[in-house]
Amino acid sequence: MRNRDIIVIGGSAGATQPLKQILGGLPADLPAAVFIVLHIPAHGIGILSTIASSASRLPVSQAENGMKIEPGRIYLAAPDHHLLLSEDHIFLGRGPRENMVRPAIDALFRSAALYHGPHVIGVLLSGLLSDGAAGLNAIKRCGGMAVVQDPADAIADEMPRRGMEATTIDLCVPGAGMGDVLSELAREQAGDVLPIPPEIKLEVEIAAGDRIGSDNLVSMADPVALTCPACGGVLSVVKESRPMRFRCQVGHGYTADALGKEQEGRVDEALRVALRIIEERAELVQRMAADGRRAGRAAVAEMYEVRAAEYREYADMIRRVVLKSLDAPVRKREA
């Protein structure tokens, strides 16, 4: 019987320190392969590699397409590619971004769940929003184990908390003790194999770059009156997903909070564009009023002056909304 020989780790803001603690605690004879996705800029992969190499007793490699999965090794996601697992090999996917990132934590977690089921230990570290929560849920649905960094120990506690909301967590551990915990779990016998939900297989295929198509999408999601921030296509809400998620026909994926963050930026941009257009309109109408007075057309000038005043009121209203929207995140952080 196989042990829990696949460890997948995901993190974002504030995850480098607990990752260093984890890798420093893993023994040289670890009977599992470790796969890591951090949502950091592509140029930061060299820093990540340095951290992993200096902190670990295990050999560290950046994942390459077709690379064989071997126990006792650490594999880092390659920039701008989804890190995906098959039964015994790694493959790199160029499928659509998920939550605006590639590689995506969820894509790695789902592929591990699909091909390795109960042999998987999923680990979610510090980070913002709910990246990784859906993937952790997939691991649990396929019989694997779910571990999160203790939110009280995380610099950014949103990702661990969202993971705890999305599924039943097996362990909640501070970063300093997680290496020892994972070493023990990896030596345990895995549980029973569970049926694989078909939507998990479909989403792994999307991450790999396969065409999703309307027929496939409707099998796992229902259309809603929302548009994809990346391509402008119609979004569909994934059925019975935890957390709430959306996919477009191209395959771009979003959790509800990530979609909300994207929309917030676009609303602010739209308001500023509207403000500029209305202020320009007020300026033009005011000049038309002045020109009318110079030409002796008092009635026309008065009409334009009234319109200019109305446009300035609209502009002031939009300006107050923009300022209020900028102030809201500040108040939220202070609270």
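Residues numbered from 1 in each chain as written. Predicted model: local features only at pLDDT ≥ 70, side-chain atom pairs only at ≥ 80, totals over all residues. Heavy atoms only, no water.

(A) Summary view of helix α1 (residues 16-25). Within the sequence span of α1, burial applies to Pro18, Leu19, Ile22 and Leu23. Projected onto a plane normal to the axis of α1, the buried residues spread over an arc of 135° and lie on a single side. (Buried < 20%, exposed > 50% of the residue type's maximum accessible area, 1.4 Å probe, protein only. Helix = DSSP H or I, 4+ residues; strand = E, 2+ residues; numbered from the N terminus. Arc of directions from axis to C-beta.)

(B) Summary view of unusual backbone geometry. For the bond from Arg102 to Pro103, the omega torsion is 15°, close enough to zero to count as cis. For Pro103, the location among the structural elements is in the loop between β6 (90-93) and α3 (105-116). The linkage connecting Arg242 with the following residue, Pro243, adopts the cis geometry, with an omega of -5°. Structurally, the position occupied by Pro243 is in the loop between β11 (234-238) and β12 (245-248). Despite not being glycine, Leu129 shows a phi value in the positive range, around 60°. When you line up the elements, Leu129 lands in the loop between β7 (120-124) and α4 (133-141). Residue Glu240 is not a glycine yet carries a positive backbone phi of 50°. Along the polypeptide, Glu240 turns up in the loop between β11 and β12.

(C) Here's a closer look at the pattern of salt bridges. Evaluation of the coordinates by the stated rule reveals 23 salt bridges. A salt bridge links Arg94 to Asp80; the shortest N-O distance between them is 2.4 Å. Of this pair, Arg94 sits in the loop between β6 and α3 while Asp80 is found in the loop between β4 (74-76) and β5 (82-85), placing the two residues 14 residues apart along the sequence. On the basis of relative accessible area, Arg94 is assigned to the partly exposed category, the value being 47%. Across the pair Glu279 and Arg319 runs a salt bridge, and its minimum N-O distance is 1.9 Å. With a gap of 40 residues between them, Glu279 in helix α9 (residues 256-294) and Arg319 in helix α10 (residues 298-334) connect regions that are remote in the sequence. You can call Glu279 partly exposed: its relative accessible area is 34%. (Salt bridge = Lys/Arg side-chain N within 4 Å of Asp/Glu carboxyl O.)

(D) Inspection of the pairing of strand β2 (residues 33-38) at higher detail. With respect to burial, β2 is a largely interior element, six of its six residues being buried. With α1 bridging strand β1 (residues 6-11) and its parallel neighbour β2, the resulting β-α-β unit is right-handed. In this structure, β2 lies alongside β4, joined through three bridges in parallel fashion. Bridge pairing in β4 links Val34 to Ile74. (Right-handed = clockwise from strand over helix to strand, strands pointing away. Pairing = 2+ DSSP bridges.)

(E) Region of interest: the pairing of β1. The element β1 is extensively covered by neighbouring structure, given that six of its six residues are classed as buried. In β1, alternate side chains face the same way, and those of Ile6, Val8 and Gly10 on one face and Ile7, Ile9 and Gly11 on the other are all buried. Bridge count for β1 against β2 is six bridges, and the pairing is parallel. When the sheet's bridge partners are listed, Val8 is paired in β2 with Phe35. By the bridge criterion, five bridges tie β1 to β7 in an arrangement that is parallel. Considered in β7, the bridge of Ile6 is made with Val120.

(F) Molecular detail of the environment of Gly292. For Gly292, the position within the fold is in helix α9. The exposure class of Gly292 is buried, given its relative accessible area of 0%. For the pair formed by Gly292 and Glu302, sequence separation is 10 residues and the distance between their alpha carbons is 8.6 Å.

(G) Broad picture of the packing of aromatic side chains. All chains considered together, the criterion is met by two aromatic pairs. Ring centres of Phe35 and Tyr75 lie 5.0 Å apart, and the angle between their planes is 10°; this geometry places the pair in the stacked category. Separated by 40 residues along the polypeptide, Phe35 in strand β2 and Tyr75 in strand β4 bring together distant segments of the chain. Here Phe35 and Tyr75 have matching classes, each one buried. Between Tyr311 and Tyr314, the ring centres sit 6.3 Å apart and the planes meet at 70°, which makes this aromatic pair edge-to-face. Highlighted residues: Tyr311 and Tyr314, both in helix α10, separated by three residues, approximately one helical turn. Residue classification places Tyr311 among the partly exposed positions, given a relative accessible area of 21%. The exposure class of Tyr314 is partly exposed, given its relative accessible area of 40%. (Phe/Tyr/Trp six-rings, centres within 6.5 Å; stacked < 30°, edge-to-face > 60°.)

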